[in-house]
Amino acid sequence: MRIRLLSAAVEDLYEGRLFYEKQGEGVGEYFFDSLFSDIDSLTLYGGIHPKVFGYHRMLSKRFPYAIYLQNRRGIRSCGLASPRSASQSEEDPPVTER
């Protein structure tokens, strides 16, 4: 099964990598590798996770990120969400397609 990362997810990965690299040398690379490992696992396990906001949601194993997945026409579209900011409403969906 093919997984397509939304452009917003790619931006979140890049920003997260920069943030964690500032926390310590090599942590940004570890973040990046960990999230991609989680995303790669969706080729086998995508669609078994509980639905939140109409998307299947998988929580990252090592970082406070959620991976949202939607199946359409045999392609699994994937987006990311970092921890909610205090200003984001509970009713706002965490992933938007650009």
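Every chain's residues receive numbers from 1 upward, in the order its sequence appears when written. At least 70 in pLDDT is required for a residue's local features to be given in this predicted model, at least 80 for side-chain atom pairs to be given and counted, and no such filter applies to totals for whole chains, interfaces and linings, which use all residues. Based on all heavy atoms of the structure, the side-chain values leave hydrogens and waters out of the count.

### Considering the overall build of the protein
- A run of H or I in DSSP becomes a helix once it reaches four residues, and a run of E becomes a strand once it reaches two; helices and strands are each numbered from the N terminus. Within the protein, the secondary structure is distributed over three helices and five strands.
- Helices (α) and strands (β) of the protein occur, in sequence order from the N terminus, as β-α-α-α-β-β-β-β.
- Classification of the 98 residues of the protein by burial places 35% in the buried group.
- When contacts within the protein are restricted to residue pairs at least 6 apart in sequence, those whose partners lie at least 24 apart make up 49%.
- On the protein, roughly 6400 Å² of surface is accessible, and the fraction owed to carbon and sulfur atoms is 51%. Relative accessible area decides the class of each residue, using a 1.4 Å probe on protein chains only: under 20% of the type maximum gives buried, over 50% gives exposed, and in between gives partly exposed. Pairs of residues are marked as contacts when any of their non-hydrogen atoms sit within 4.5 Å. Each accessible area is a Shrake-Rupley estimate made with a 1.4 Å probe; only the visible protein chains count as cover when residues are assessed.

### Side note on the packing of helix α1 (residues 7-23) against helix α2 (residues 27-40)
- Running from N to C, α1 and α2 cross one another at 145°; their axes reach a closest spacing of 6 Å. In this structure, α1 meets α2 at a crossing whose hand is right-handed. Contact with α1, carried on its side by L13, G16, R17, Y20 and E21, involves V27, G28, E29, F31, F32, L35, F36 and I39 of α2 and no other residues of that element.
- Amino acids are sorted into nonpolar (Ala, Val, Leu, Ile, Met, Phe, Trp, Tyr, Cys and Pro), charged (Asp, Glu, Lys and Arg) and polar (every other residue, Gly among them). Of the residues contributing to the contact of α1 with α2, the split by class is eight nonpolar, two polar and three charged. Throughout, an axis means a line fitted to C-alpha atoms (over the contacting stretch in the case of helices), and angles, computed between N-to-C directions, take values from 0 to 180 degrees. For any pair of crossing helices, the crossing counts as left-handed if the nearer helix is rotated counterclockwise from the farther one by less than a right angle, and right-handed if it is rotated clockwise.

### A short note on the sheet that holds strand β3 (residues 55-59)
- Should DSSP find at least two bridges between two strands, the strands are taken to pair. Read across the open sheet, the five strands follow the order β1-β5-β4-β3-β2; overall the sheet is mixed. Each edge of the open sheet carries a strand with a single partner, namely β1 (2-5) and β2 (51-52).
- Where β2 meets β3, two bridges bridge the pair, whose relative direction is antiparallel. Bridged to K51 within β3 is H56.
- Strand contacts of α1: β1 and β5 (75-81), with the helix running at about 40° to β5, the strand carrying the most contacts.

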